[in-house]
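Breakdown of the fold
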Amino acid sequence: MDRESIEAQILDVISQVAGKNVNRGCSLSYMGLDSYVSKTKLKNELNKKFGLSLYESALHLRTIGQVVDYVLQQVAIQNEADVLNYKQTIANDDHDIKPDNNETIVNKRYTWAIMPDKNKHEYIIGIDFGHGETSAAYCPIGWDAGKGQLGNVKDIDFGSNTKVIPSAISITTDGKAYIGDAAFLPEVLNNAKAKVCFKKKPEDINGEAEQLMMRFMKEVYAKIKERNSALFTEGNHLVYIATPSGWDDAAKDLYGQMAAKAGLPMGGITSESRAAFIKAQQDPDSGLPQYIDKGAIVFDMGSSTLDFTYLTRDSKNPIDWGDDCGASKVEKIIYASKRDGNEEIKEFEQKYPHLTDALLFEARKAKEKVYFHPDMPCRITVNFENIVEDEEFEDTKMKFKYQPGELNKMLEEKGYIDAIRKAMLTFKNEKIAGKPIYVAFLTGGASRMDFIKQLVKECWGLPDDRIYRDQDPSLTISQGVAVLGRGDIRSGGAEKTKDLLKEITAKTGIRLEKSITVDEFAEILKSNQEIKIYDSAL
């Protein structure tokens, strides 16, 4: 069904609920559709008509046109095979954005990837192994579920209702590993090396940084299974992960190999910016569903990188680009400011070089306190006796004191804010060549830094009401990865299979009379039968 037909049906539903004819230019309030009761009725009728799972919050829009555009988006998003190929209902009459031959949301089937099995696999786990923090989410695959029947994506609890843990690991001399906040327990640090900010573009699977990342992957996955032993049993789930936009295919392949070798049942890999884009696309408050045709950017501010994704109705494919001005540089600037001129800290580093990352983690906590409460003074005192048992340092302290706006001033002086400003202007002027920007969606834990929104307004000329931020930006990527993983499996590689069969037909003249399985086709090839194959989908 083409766009115009679906739009006409949506308008018809809205007209029935309103009791009068409506058009795209009408406001919801003018048509009497702004009350909770009317929105609930409209939501129910749209869900019934199109097999959706809308909530009343999805209709907190101003005009009929915005509602129509949003529902059009959700109709296509329900078909997650289309999501996989970035068919985001925004390109032409069929709402297809066709990817280039090498362009897929979840990358090609790598040798380390496990083939999905309908008889075994029930769940997808999406994990965001971030440079600064780690989160995970899961969802049922829903092999035979129809539109509107798919189970929701849920965040995974790492314990004590904690959905996000620091990407930190300490390994004791006897080989035991502690992750997250547990990595900085005094009793652990007395006998371990603490590491933070260790995620990097992989180069050698046997390299020190890569081996540390693999150990972290293993421990995170073990914690997920431990906390959800009744849900995730042996062999009933697959894991999908994501990488920064700037990583090439070779790095993604190696990263996937690392995860598989670490014991994760890997299903596939995608990019962090695409995961963020999909999550934003499904959020009615993100601005993307109703404004994407005018030019939208997903701004993913992470610890190691700043990633951008841009799309409009006229774009063939999303435009991705990343810069290395991630927010981990902020805690390094904070820590350097405390270290300079403090001989006790320098002496501590010399005596305990393996605990320097523990001090850096304290600087990170100070950064987070500043930006979680930007209008309040920040005062934190770190006692070194809580890090290591050593009389020499039992009275040593590191104090963080910032008045509102003071940290921003320091970051401006150090050139960090200007680096982000330059990255944003580079993306606007060079990477998307001056294309229109109508709305921005901010995600990534570091998007909480209050100067980010001001930079968006300054560099891209957007007003406050067209700059959105995810309610919990630390969870955006893992949720998006889970959605994409499910879509990858539910699509069954349908587009790739069609392309392969078309190529076989073109080169051999063989056409299939019926749809067959891979095993059946293998038997045909083994027996070297002369066959005629026809598939109506070709």
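Below, the structure is looked at part by part.

How each quantity is defined
Residues numbered from 1 in each chain as written. Predicted model: local features only at pLDDT ≥ 70, side-chain atom pairs only at ≥ 80, totals over all residues. Heavy atoms only, no water. Helix = DSSP H or I, 4+ residues; strand = E, 2+ residues; numbered from the N terminus. Expected span 1.5 Å × (residues − 1). Buried < 20%, exposed > 50% of the residue type's maximum accessible area, 1.4 Å probe, protein only. Pairing = 2+ DSSP bridges. Axes fitted to C-alpha atoms, helices over the stretch in contact; angles between N-to-C directions. Contact = heavy atoms within 4.5 Å. Salt bridge = Lys/Arg side-chain N within 4 Å of Asp/Glu carboxyl O.

In this section: helix α12 (residues 356-372). For α12, spanning 17 residues, the distance from its first C-alpha to its last is 25 Å, which sits close to the expected 24 Å at 1.5 Å a residue. When you tally the buried positions in α12, you get twelve out of 17 residues, the bulk of the element. All buried positions along α12 are accounted for by Asp357, Ala358, Leu359, Leu360, Phe361, Glu362, Ala363, Arg364, Ala366, Lys367, Val370 and Tyr371.

As a further point, take the sheet that holds strand β7 (residues 192-196). Strand order across the open sheet formed by three strands is β6-β5-β7, with antiparallel pairing between neighbours. Each edge of the sheet is formed by a strand with only one pairing partner; in this case those strands are β6 (177-179) and β7. Adjacent strand axes in the sheet meet at a mean angle of 20°, parallel and antiparallel pairs treated alike. Examined bridge by bridge, strand β5 (residues 168-172) and β7 share five bridges and lie antiparallel to one another. Paired with Thr172 across the two strands is Ala192, which belongs to β7.

The next thing to look at is the sheet that holds strand β10 (residues 296-301). On the basis of which strands lie adjacent, the open sheet formed by five strands has the order β12-β11-β10-β15-β16 and mixed pairing. Of all strands in the sheet, those with a lone pairing partner are β12 (319-323) and β16 (467-469), marking the two edges. This sheet shows a mean twist of 20° between the axes of neighbouring strands, independent of strand direction. Pairing geometry for β10 and strand β15 (residues 439-443), over five bridges, is parallel. Looking at β15, one finds that Phe299 is bridged to Leu442. Taken strand by strand, helix α8 (residues 272-281) contacts β10, β11 (306-311), β12 and β15, and its axis lies near 55° from that of β11.

If you walk through the whole model with that rule in mind, you get 22 salt bridges. A salt bridge links Arg215 to Glu219, with the nearest nitrogen and oxygen atoms 2.9 Å apart. Pair noted here: Arg215 and Glu219 are both in helix α6 (residues 208-227), with a separation of four residues, about one helical turn. Look at Arg215 and you get partly exposed, because its relative accessible area is 24%.

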